[in-house]
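Listed below are the residues making up each chain.
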Amino acid sequence: MKILVPIKRVADPDNANKVKISGDGTEVTSEGLEWKMNPFDEWSLEAALRLTEDGKTKSRVGEVVVVSIGPKDAVATIRQGLAMGAERGILVEGEDKKLDALVVAKILQKIVEKENPDLVVLGKQTVDGDSNLVGTYLAEFLGWPVANYATSIRTSDDGKTLTIVRELDTGAATLEVKGPAVITTSDRILHPHAVKNGVTPDDFAYPESEGGRYASLKGIMAAKKKPVEETSAAALGVDAAPQVSYVSFKLPPARSGSTTFVESAAELVQKLRNEAKVL
Amino acid sequence: MTDVLVVAELLEGKARKTTLSAITAARQIAAGGAIDILVIGEGASNAASELTGFGARKILKAEIAGGYTAEKYVGTVANVAKSGYGAIVATSSSYGKDLLPRVAARIGAGVAPDVSAITVDGGKLVYTRPMYAGNVIGQLTVNTPVQVVTVRQTEFEAAAPSGGSSPVEDVAASIDDVASKVEFKGLEVVKSERPDLAEAEIVVSGGRSLKSADNFKNLLEPLADALGAAVGASRAACDAGYVSADLQIGQTGKVVAPKLYIAVGISGAIQHLAGMKGSKTIVAINKDKEAPIAQVADYFLVADLFDAVPQLTEEIKKVKAAG
Ligand SMILES: Cc1cc2nc3c(=O)[nH]c(=O)nc-3n(C[C@H](O)[C@H](O)[C@H](O)COP(=O)(O)OP(=O)(O)OC[C@H]3O[C@@H](n4cnc5c(N)ncnc54)[C@H](O)[C@@H]3O)c2cc1C
Ligand SMILES: Nc1ncnc2c1ncn2[C@@H]1O[C@H](COP(=O)(O)O)[C@@H](O)[C@H]1O
């Protein structure tokens, strides 16, 4: 099985409250914040690695290609993916400001047409833009099915059919999908039993983890030698223009008022009743 | 002024209340233009009759049997969407976020996703939306002739019936080849007697520190019941399986904005705050007074939740009984 995993770098999400807005309000600046792999993309990559390995022996039985669209520096994020275990990388140079879901999906479409993967596994959203669009756009352009918000992926023994559980506001839906297909991952995709590929023994459980696997020193060394192809939208023949324009950014208003510390449940109830008047 | 299409959301043959928030947003976008509602799926006829009193010019309905997949619905929605509307609107529930982008990509429309406010500037619609886990408020315009918009349910009040009755018209279902590549196998709907998170006036949420599903049931639920509140959770509590994933509040879970939000044993990570900091009054119960939830809490009870929650439940019952 060959899987394409699109990854984006984002300003350190755990410090998202430290991003700033440029003086003219037209740009979000994240100076001083570290670039991190979009958490959902890290989880997607981990899921893709699990789908292409024998979990028990850790031997690779498929190929994972990571692709990022962004400035030249984004190659660091690609190397991180390679250090985790992906086989190859592709960097499509582009300016973050000139990308929207349409442009990203059009570029990914071209890459899919060249690479012919069995699956594209994306995050359900990037945690900077929080848009939640690219996976679905890509599937539509390819004429492929998409399973959004996957919490579990199981492949048939020949890898052609996938049983996917989608996490919904109202519960969970199960789909059977014929590949090639697009999948976007939700929070629980790294549950120990969430991914099954017909190679890893069925009773094998991955350890509980909140993120993708750590890159070993050996992995980091190996990543330096793995191939990263560099290309551009123009070289791929994509000339799509963004369909949406961000006209301004603001910081949200701070919550007014300060915190009142209370000593007991009784005091809390009195305050909620008499002061806040919410009971 | 433009005509707007609302795509209704159905669950088990009934219109979900999310649809009413989309109608409110549609009225703002239409600015005097007509609103039509598309009701699609199994039980469309029944749902169409539920939506007939909301002032739509007409209700378009397409009965499509079997469970929902975007692939099965996209052709029909796209055909209707192309027939003269300036905007296509749904709520940004997991349904709206799944279906509308597919429709948008098909008809070449740009999407304003998860919108919290709609304004007009120089004759152009401007969409406001939270980004960066609610740490940036972005404003965007959509440059395509048809605009696709998904809106936050908590930011657009449910539309009230406006009287009258909209005529219902059938539209032909158009199901394309891609639909045959996905088979709907089943839907497990989570049922609860408690108020829905998005609509509740009070939300009681628990975190990892509750330690078990049993503690959620035996400690948190009685508190919620005493308050008539909905129950929510942090991602850590959902991941650990203490409660089902549909109760997750935050950047990647549900967004709530109740009158009163009580966070029990929740640290207040950025991603959690993204889903609840719009609440009117926020209470934290946490044994660590330095926990980041203090940044947004109006009241902070520094205590062990295993003592404090039963006490709070008793105190609330007392004041409720006293009237
Ligand atoms: C991409 C991404 C998306 C995410 N999306 C979400 C999301 O949508 N929603 C969400 O909630 N999280 C989300 N998270 C996870 C988030 O970062 C935190 O890990 C999570 O919210 C922590 O949950 P918690 O507060 O229950 O647990 P912890 O952070 O472990 O906090 C437990 C708290 O309980 C307190 N405590 C412990 N014992 C007691 C006791 N006996 N009595 C009282 N207090 C006690 C502690 O002091 C602590 O403050 C996301 C993370 C990522 C990377
Ligand atoms: N610039 C990019 N480069 C590579 N992948 C991207 C990029 N932007 C978005 N994606 C992918 O699309 C997913 C959804 O992003 P979005 O629709 O922007 O929220 C992400 O989780 C990534 O997998």
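Residues numbered from 1 in each chain as written. Chains lettered and ligands numbered in written order. Predicted model: local features only at pLDDT ≥ 70, side-chain atom pairs only at ≥ 80, totals over all residues. Heavy atoms only, no water.

A.B. asks: Quick question: what am I supposed to make of the overall build of chain B here?
C.D. replies: Secondary structure summary: chain B contains eight helices and 18 strands in total. Relative to the 2.2 N^0.38 estimate, which gives 20 Å for 323 residues, the radius of gyration of chain B is 21 Å and therefore close to what a compact globule would have. Going through the 323 residues of chain B one by one, you find that 61% of them count as buried. Across chain B, every contact between residues at least 6 apart in sequence was considered, and the portion connecting residues at least 24 apart equals 65%. Between the mean site of the 32 positive side-chain charges and the mean site of the 35 negative ones, chain B shows a separation of 2 Å. (Helix = DSSP H or I, 4+ residues; strand = E, 2+ residues; numbered from the N terminus. Rg over C-alpha atoms; globule rule 2.2 N^0.38 Å. Buried < 20%, exposed > 50% of the residue type's maximum accessible area, 1.4 Å probe, protein only. Contact = heavy atoms within 4.5 Å. Lys, Arg positive; Asp, Glu negative; His and termini not counted. Charge placed at Lys NZ, Arg CZ, Asp CG, Glu CD.)

A.B. asks: Help me understand the interface of chain A and chain B in this model?
C.D. replies: Reports often express the size of an interface as the amount of accessible area lost when the parts come together. Opposite the 78 residues of chain A that make contact, chain B presents 87 residues. Overall, the association of chain A and chain B removes approximately 7,100 Å² of surface from exposure, summing both partners, and the carbon and sulfur fraction of that is 54%. Of all residues in chain A, Glu140(A), Asp169(A) and Arg255(A) bury the most surface against chain B, accounting for 10% of the area lost on that side. Counting every contact that joins chain A to chain B gives eight salt bridges. For Asp98(B), the salt bridge goes to Arg166(A), with nearest N and O atoms at 3.5 Å. At the boundary of chain A with chain B, the tally comes to 47 residue pairs in polar contact (both at pLDDT 80 or more). Counting only elements with at least two residues in the side of chain A that touches chain B, the list comes to helix H1 (39-51), helix H4 (134-142), strand E11 (146-155), strand E12 (161-168), strand E13 (171-178), strand E17 (244-250), strand E18 (260-262) and helix H7 (265-274) of chain A. Pairing of E18(A) with strand E18 (residues 299-302) of chain B, which is carried by three bridges, proceeds in the parallel orientation. Among the inter-strand pairings, Val262(A) is bridged to a residue of E18(B), identified as Leu301(B). (Buried area = accessible area lost by both parts, 1.4 Å probe. Salt bridge = Lys/Arg side-chain N within 4 Å of Asp/Glu carboxyl O. Polar contact = N/O pair within 3.5 Å; in protein donor to acceptor, adjacent residues only side chain to side chain. Pairing = 2+ DSSP bridges.)

A.B. asks: Help me out: how do you make sense of the domain arrangement of chain B in this one?
C.D. replies: Residues and elements named next belong to chain B. On domain assignment, one finds that chain B holds domain 1 (4-181) and domain 2 (202-322). Taken over C-alpha atoms, the centre of domain 1 sits 32 Å from the centre of domain 2. With both chains or domains summed, domain 1 and domain 2 bury close to 520 Å², and 53% of this area falls on carbon and sulfur atoms. Its largest share of buried area at the contact with domain 2, domain 1 owes to Ala133, Arg152 and Thr154, together 74% of the area lost on that side. Joining domain 1 to domain 2, the criterion identifies zero salt bridges. Between the two partners, domain 1 and domain 2, sit one residue pair in polar contact (both at pLDDT 80 or more). (Domains from an automatic or database assignment.)

A.B. asks: How should the packing of aromatic side chains be read in this particular structure?
C.D. replies: The geometry of two aromatic rings is summed up by the distance between their centres and the angle between their planes. As enumerated under the stated definition, the model contains eight aromatic pairs over all chains in all. Ring centres of Tyr68(B) and Tyr95(B) lie 4.9 Å apart, and the angle between their planes is 55°; this geometry places the pair in the tilted category. Here Tyr95(B) lies in the loop between strand E6 (87-91) and helix H4 (96-107) and Tyr68(B) lies in the loop between strand E5 (58-63) and helix H3 (70-81), a separation of 27 residues in the sequence. Taken together through their ring pairs, the aromatic side chains of Tyr68(B), Tyr73(B) and Tyr95(B) make up a single cluster. Its guanidinium or amino end placed over the ring of Phe261(A), Lys289(B) lies 5.1 Å from that ring's centre, counting from NZ or CZ. (Phe/Tyr/Trp six-rings, centres within 6.5 Å; stacked < 30°, edge-to-face > 60°. Lys NZ or Arg CZ within 6 Å of the ring centre and 35° of its normal.)

A.B. asks: What is the right way to read the site of ligand 2 from this model?
C.D. replies: Residue and element names in this part refer to chain A. Around ligand 2, the structure places 17 residues, and the nearest of them are Pro6, Asp41, Ile69, Asn132 and Leu133. For ligand 2, an oxygen atom lies 2.9 Å from a polar atom in the backbone of Thr126. Those elements giving two or more residues to the shell around ligand 2 turn out to be strand E8 (63-70) and strand E10 (119-123). Counting residues per element, the shell around ligand 2 draws most heavily on E8, at three residues. Broken down by class, the residue content of the shell around ligand 2 amounts to eight nonpolar, seven polar and two charged. (Near = heavy atom within 4 Å. Nonpolar A, V, L, I, M, F, W, Y, C, P; charged D, E, K, R; others polar.)

A.B. asks: How do you make sense of the site of ligand 1 when you look at a structure like this?
C.D. replies: Neighbouring ligand 1 are 30 residues; Arg208(B), Ser234(B), Ile249(B), Ser267(B) and Asn286(B) lie closest to it. Chain contributions to the surroundings of ligand 1 come from chains A and B. Here Gln248(B) contributes a side-chain N or O atom positioned 2.9 Å from an oxygen atom of ligand 1. Take Asp304(B): an N or O atom from its side chain is 3.2 Å from a nitrogen atom of ligand 1. Isolated, ligand 1 exposes 990 Å² of accessible area, and the fraction of that covered by the protein chains is 84%. Elements that contribute at least two residues to the shell around ligand 1 include exactly H1 of chain A together with helix H6 (235-239), helix H7 (270-273) and helix H8 (305-322) of chain B. (Areas by Shrake-Rupley, 256 points an atom, 1.4 Å probe, with all protein chains shown as cover.)

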